[in-house]
Amino acid sequence: MASMASATVTSTLNKPTFLDSPLFGTSLTTTKPLTFSFSTTKPKPAAILASALGPSRPPYDLNAVTFEPIRESIVAREMTRRYMTDMITFADTDVVIIGAGSAGLSCAYELSKNPNVNIAIIEQSVSPGGGAWLGGQLFSAMVVRKPAHKFLDEIGVDYDEQDTYVVIKHAALFTSTIMARLLARPNVKLFNAVAAEDLIVKSGRVAGVVTNWALVSMNHNTQSCMDPNVMEAKVVVSSCGHDGPFGATGVKRLKDIGMVDDVPGMKALDMNSAEDAIVRLTREVVPGMIVTGMEVAEIDGAPRMGPTFGAMMISGQKAAHLALKSLGLPNAIDGSATVTETPQPDFTIASADQSRQTADA
């Protein structure tokens, strides 16, 4: 087993304690802070992990399975209590990312490497991932131009390598892998089926988002007034994609309130110029708000790139480092972050009783 290089930090997540009564189920808090051990073991592609020996016998009798008993009210309380605790915890957070497509997920993954940065992801769809579940025209394969294949190496996605690009056999392999690694981290919360209806703006700076259930947002014209909720943030990253029913909503709202002059929309497809432009133009467009992914093309009139995804990954990474810079933390934009060729390590969460559960980075 690879040797472990350990470091300990204290999580800044402050879980509320008023829901810790035994009436509501198992406590969510511990008497000891979360600690993180960092492993230098490189993630292995799924193909390597697959057993060549065929299926093994499950640890229970498939012909006579009996589940442990549970009260229906316990199930309701466990779901509700945890969700409401997350809403309270992330009501005032470090970074809010609007949109969980390939750029938004890549941004969140990069940010979450710093366990002291708390990240809330807002996604209007029930299923995060945006258009990255398939390649072009509903085909399966995902094409990624180099050098973005190095990001795939880091998260452990296997691919077929060609001269200037790589091909993942199914786009869902990328999306499911990055989500599994990202959502295991204790400083990240995904609020899916939640829409960002507006921005919080204070003294000319974006300071958070206005949220509502996505189904409510889609039915304002059929019901009476249904007021939203809010989520304050030090930095907002808008990753809403190109124009559509919920697309480019961040930059379109900036235009509506006069914080940007124009949103010209993306130009026609040109893969070779589009991806470079998307990464180059990923930036803080107004104080407190960074734009990444295809939403960049909407505000700058850059070409669309079509079914190639490398710029989404690297634009997301750049947005993460721009957010770290805004937070005054080490980052690759100003060179204050350490550059290393070693893969991103795994997080090992040490619980109160010091038993170890591994959450892959």
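Residues numbered from 1 in each chain as written. Predicted model: local features only at pLDDT ≥ 70, side-chain atom pairs only at ≥ 80, totals over all residues. Heavy atoms only, no water.

The chain goes by Thiamine thiazole synthase, chloroplastic in an unreviewed UniProt entry, where it is assigned to Carnegiea gigantea. Among the UniProt annotations of the chain, the heading Sequence similarities (unreviewed entry) holds the following wording: "Belongs to the THI4 family." Entered under Catalytic activity (unreviewed entry) in the UniProt record, the comment concerning the chain runs "[ADP-thiazole synthase]-L-cysteine + glycine + NAD(+) = [ADP-thiazole synthase]-dehydroalanine + ADP-5-ethyl-4-methylthiazole-2-carboxylate + nicotinamide + 3 H2O + 2 H(+)". (UniProt positions renumbered as here; feature names shortened; annotations may be inferred.)

*Asks:* Got a sec to walk through a nonpolar patch on the surface? Specific residues and values, please.
*Replies:* Side chains of Tyr 60, Leu 62, Val 65 and Phe 67 sit close together on the surface and give an oily, nonpolar patch of about 500 Å² of accessible area. Along the chain, Phe 67 turns up in the loop between helix H1 (46-49) and helix H2 (72-89). Phe 67 gets classed as exposed once you look at its relative accessible area, which sits at 72%. (Patch = residues over 30% accessible without salt bridge, like charges linked within 9 Å, V, L, I, M, F, W, Y side chains within 5 Å. Areas by Shrake-Rupley, 256 points an atom, 1.4 Å probe, with all protein chains shown as cover. Salt bridge = Lys/Arg side-chain N within 4 Å of Asp/Glu carboxyl O. Helix = DSSP H or I, 4+ residues; strand = E, 2+ residues; numbered from the N terminus. Buried < 20%, exposed > 50% of the residue type's maximum accessible area, 1.4 Å probe, protein only.)

*Asks:* Can you explain the pattern of salt bridges? Please cite residues and give values.
*Replies:* What the rule picks out here adds up to 12 salt bridges. The residue Asp 86 makes a salt bridge to Lys 189 at a minimum N-O spacing of 3.3 Å. One end of the pair, Asp 86, is in helix H2; the other, Lys 189, is in strand E8 (residues 188-192), with 103 residues separating them in the sequence. We note a salt bridge from Glu 161 to Lys 146, for which the minimum N-O separation is 2.7 Å. Placement of Glu 161 in strand E6 (residues 160-161) and of Lys 146 in the loop between strand E5 (142-145) and helix H4 (149-155) is noted, with a sequence separation of 15 residues between them. On the basis of relative accessible area, Glu 161 is assigned to the partly exposed category, the value being 46%. If you follow the salt bridges from partner to partner, you end up with Glu 78, Arg 81 and Arg 82 in one network.

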